[in-house]
Amino acid sequence: MNKYNLYIRSWLVFMVAAFLEILGGYLSWQHLKEKKSIVYLILGSIILSIYGMVATLQPDIPQASFGRVYAVYGGVFILGSYLWGYIVDGL
């Protein structure tokens, strides 16, 4: 796999992981803060578990350690959170 394919795959994993983490947190929030059905909490928990597995699917990039990969992911998560707030919550 060439360098560009690795980077594209890495960014796709970041984006899917961010979406799953935000969605899982959002569903859990809906149950705990907005008093929605327990189904929201159950689905949120399942989705957060899947997020934990997806986040480990990063391709092997030279000199990429867990800390470095997770630090970059943090930026993707923040951007995704802003987009979620704008699109879903209208904020």
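What you see is a predicted model; the values in this text were computed from it and never measured.

Quick notes on the rules
- Once a new chain begins, its residue numbering starts again from 1 and follows that chain's sequence as written.
- Two thresholds apply to this predicted model, a pLDDT of at least 70 for residue-level local features and 80 or more for giving and counting side-chain atom pairs, whereas whole-chain, interface and lining totals are computed over all residues.
- The side-chain values count all of the structure's non-hydrogen atoms but skip hydrogen atoms and water molecules.
- In this description a helix means any DSSP run of H or I spanning at least four residues, a strand means any run of E spanning at least two, and both kinds are numbered starting from the N terminus.
- Under the scheme applied here, a residue whose accessible area is under 20% of the maximum for its type counts as buried, over 50% as exposed, and between as partly exposed, the area being computed with a 1.4 Å probe on protein chains only.
- In what follows, a contact means two residues having at least one pair of non-hydrogen atoms within 4.5 Å.
- Between 30 and 60 degrees the pair is tilted, below 30 it is stacked and above 60 it is edge-to-face, where a pair is any two Phe, Tyr or Trp rings, Trp via its six-membered ring, whose centres lie within 6.5 Å.
- Two conditions define a charge located above a ring, namely a distance within 6 Å from the ring centre to NZ of Lys or CZ of Arg, and an angle within 35 degrees of the ring normal.
- To define axes, lines are fitted to C-alpha atoms, for helices over the stretch in contact only, and angles between the resulting N-to-C directions are given on a 0 to 180 degree scale.
- Any angle between 65 and 115 degrees counts as roughly perpendicular, while under 35 counts as roughly parallel, over 145 as roughly antiparallel, and the rest as oblique.
- In this scheme the handedness of a crossing depends on how the near helix is turned from the far one: anticlockwise by less than a right angle means left-handed, clockwise means right-handed.
- Under the convention adopted here, Pro, Cys and the residues Ala, Val, Leu, Ile, Met, Phe, Trp and Tyr are nonpolar, Asp, Glu, Lys and Arg are charged, and Gly plus all remaining residues are polar.
- Patch membership is restricted to residues that have no salt bridge and whose relative accessible area is over 30%. Joining uses 9 Å for like charges and 5 Å for the nonpolar side chains Val, Leu, Ile, Met, Phe, Trp and Tyr.
- Only the protein chains shown count as covering a residue, and every accessible area follows the Shrake-Rupley method with a 1.4 Å probe.
- Here, a salt bridge means any Lys or Arg side-chain nitrogen found within 4 Å of an Asp or Glu carboxyl oxygen.

Caption draft 1: Just the environment of Gly-85, in detail. Among the structural elements, Gly-85 can be located in helix 3 (residues 66-87). Since its relative accessible area comes to 14%, Gly-85 is described here as buried. The contact partners of Gly-85, leaving out residues within four places of it in the chain, are Gly-90 and Leu-91.

Caption draft 2: Quick look at the packing of aromatic side chains. In total, this model carries seven aromatic pairs according to the counting rule given. Centroid distance Trp-11 to Phe-14: 5.3 Å. Interplanar angle 70°. Geometry classified as edge-to-face. Residue Trp-11 and its partner Phe-14 are located together in helix 1 (residues 3-32), separated by three residues, close to a single helical turn. Here Trp-11 falls in the partly exposed class, since its relative accessible area comes to 42%. Taken together through their ring pairs, the aromatic side chains of Trp-11, Phe-14, Tyr-51, Tyr-70, Tyr-73 and Phe-77 make up a single cluster. Positioned above the aromatic ring of Trp-29, the side-chain terminus of Lys-33 is 5.5 Å from the ring centre.

Caption draft 3: Structural context of the packing of helix 1 against helix 2 (residues 38-54). Following both chains from N to C, one finds helix 1 and helix 2 inclined at 160°, their axes separated by 7 Å at the closest point. In terms of orientation, helix 1 and helix 2 fall into the roughly antiparallel class. Considering only the axes of helix 1 and helix 2, their crossing is left-handed. Here Val-13, Val-16, Ala-17, Leu-20, Glu-21, Leu-23, Gly-24, Gly-25, Leu-27, Ser-28, Gln-30 and His-31 of helix 1 come into contact with helix 2, specifically with Ile-38, Tyr-40, Leu-41, Leu-43, Gly-44, Ser-45, Ile-47, Leu-48, Ile-50, Tyr-51 and Val-54. Residues that form the contact of helix 1 with helix 2 fall into these classes: 15 nonpolar, seven polar and one charged.

Caption draft 4: Inspection of a nonpolar patch on the surface at higher detail. Together, Tyr-4, Tyr-7, Ile-8, Trp-11, Leu-12, Met-15 and Val-72 make up an exposed nonpolar region whose accessible area comes to about 740 Å². Among the structural elements, Tyr-4 can be located in helix 1.

Caption draft 5: Examining the side chain of His-31 more closely. With respect to the secondary-structure elements, His-31 resides in helix 1. With a relative accessible area of 18%, His-31 lands in the buried category. Ignoring sequence-local partners within four residues, the contact set of His-31 consists of Lys-36, Ser-37, Ile-38, Tyr-40 and Leu-41.

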